[in-house]
Amino acid sequence: MPVPDTLDQLFIPRHVAIIMDGNGRWAKRQHKPRLYGHKVGVDSVQEIVECATEWGIEVLTLYAFSTENWKRPADEVGGLMGLLKNYLQKELSRMVKNDIRLTCIGDIENLPTDVLEVLRNTMQETRDNRKLTLNLALSYGGRAELIRAVKNIINKVDSGRLQIDEIDERLIDSQLYTAGLPDPDLLIRTGGEARLSNFLLWQASYAEIYFTDIMWPEFRQAAFTRAIIEYQGRERRFGKTSAQIKSG
Ligand code: IPE
Ligand code: IPE
Ligand code: MG
C-alpha cells in the first residue's frame, strides 16, 4: 500500500490515535451478534496498521478497550479478550517482518493472565523494531492515567526526589503511560459519536480531531486516506494567528 497520490508525503502525521467505534451497531444492522462486528473490526485493524507502516506514520495508537468497557456483559468482554489474544499471536511474525514495535498503554494488570502473557511476549519480541510503534490502549482511561501520574509525582515529592517547582508539562508527560511518545497529531473517531470517551485527555490537547460516521469494521484504506487529507488541509495554529503561522 504505497502512499496514495492524494496525500502530501511531507506532511504525514507523526502520531495518529484512533477511537475504533461502531463495531456493535455495524453488526446489529446486519442482524449479526456484536462479536461479529468486533471480528471484522480486527480486519480493519490489520489494514490500517499496514497503511500506517507504509505511509511513514511513526506511532499509531488504537483505543481497543477502555476502563469503562469492563462494565459490558461478561461474554462480550471475554470475546474481546479472545480476539486480542488471537490477534497478537497471529500478527507477531508480521510485526517482526515489517519492523513494527508493539507497545501498550493502560492498566494492563487487569487483563486476563493468558492475554497478559501473550501481550508481554509480543512487546518483548518486537521491542527493537523501529518503523511503526503500534500502541494499543488496553484497559485504558485518561482519568485513571492522570490519577496514577499524580500519585507518582506526590511520592517523588514526599521522598525528596522532586521539588514542587520542578513540576512542569514535561514532568507530567514523563509520568503518563505515553512517556516517550509524541502527542497525537490526528485523533480519529469512527462510528458517528463526537466525544472523547476518556481517551488521551492530556495528550490530545492540540490534536486535530476528525469524526466520521463510518463504522470501524468499514474503516479501511480509502477512509483513512480521506482523514489524512482533511488533516493536511487544516492550519494548526497552537494559539497563534494565521499570519504568524504563515510567516513561519
Ligand atoms: C468499539 O465498538 C469497540 C469497543 C469499544 C471495544 P463498540 O463495541 O463500542 O460498538 P458500538 O458503539 O456499540 O456500535
Ligand atoms: C470508546 O468506545 C472505547 C473504545 C473504542 C475502546 P465506547 O463505545 O466504549 O464509548 P462510549 O461508551 O460510546 O462513549
Ligand atoms: Mg461504542
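Please refer to the structure placed before this passage.
Residues numbered from 1 in each chain as written. Chains lettered and ligands numbered in written order. Predicted model: local features only at pLDDT ≥ 70, side-chain atom pairs only at ≥ 80, totals over all residues. Heavy atoms only, no water.

## Here's the deal with unusual backbone geometry
Thought 1: Of note, the phi angle at H31 is positive, near 55°, even though the residue is not glycine.
Thought 2: In this fold, H31 is placed in the loop between α1 (23-29) and α2 (34-55).
Thought 3: You will see that D99, though not glycine, has its phi angle at about 65°, which is positive.
Thought 4: Take D99: it is sitting in the loop between α3 (74-97) and β3 (100-105). (Helix = DSSP H or I, 4+ residues; strand = E, 2+ residues; numbered from the N terminus.)

## Concerning the sheet that holds strand β1 (residues 15-19)
Note: strands within a sheet are paired through backbone hydrogen bonds, in either parallel or antiparallel orientation.
Thought 1: What the six strands build is an open sheet, ordered β3-β4-β2-β1-β5-β6; its pairing is parallel. The strands lining the two open edges of the sheet, one partner per strand, are β3 and β6 (208-211). The average undirected angle you get between the axes of adjacent strands in this sheet is 20°.
Thought 2: In the sheet, β3 pairs with strand β4 (residues 132-140) via six bridges, with the strands oriented parallel. Counted as the bridge partner of I100 is L132 from β4.
Thought 3: This element, α2, spans β1, β2 (59-66), β3 and β4 of the sheet and lies at about 160° to β2. (Pairing = 2+ DSSP bridges. Axes fitted to C-alpha atoms, helices over the stretch in contact; angles between N-to-C directions. Contact = heavy atoms within 4.5 Å.)

## Describing the site of ligand 2
Thought 1: I19, M20, D21, Y63, A64, F65, N69, R72, R189, R195 and S197 make up every residue found near ligand 2.
Thought 2: In this structure, an oxygen atom belonging to ligand 2 sits 3.2 Å away from a side-chain N or O atom of R72.
Thought 3: One of the side-chain N or O atoms of S197 is found 2.6 Å from an oxygen atom in ligand 2.
Thought 4: In terms of residues, the shell around ligand 2 owes the most to one element, β2, which gives three residues.
Thought 5: When the residues that make up the shell around ligand 2 are grouped by side-chain class, the tally is five nonpolar, two polar and four charged. (Near = heavy atom within 4 Å. Polar contact = N/O pair within 3.5 Å; in protein donor to acceptor, adjacent residues only side chain to side chain. Nonpolar A, V, L, I, M, F, W, Y, C, P; charged D, E, K, R; others polar.)

## A word on the pattern of salt bridges
Thought 1: Scanning the model with the defined rule gives 18 salt bridges in all.
Thought 2: The residue D21 makes a salt bridge to R25 at a minimum N-O spacing of 3.2 Å.
Thought 3: What makes D21 buried here is its relative accessible area of 17%.
Thought 4: Accessibility expressed as a relative area gives 33% for R25, which makes it partly exposed. (Salt bridge = Lys/Arg side-chain N within 4 Å of Asp/Glu carboxyl O. Buried < 20%, exposed > 50% of the residue type's maximum accessible area, 1.4 Å probe, protein only.)

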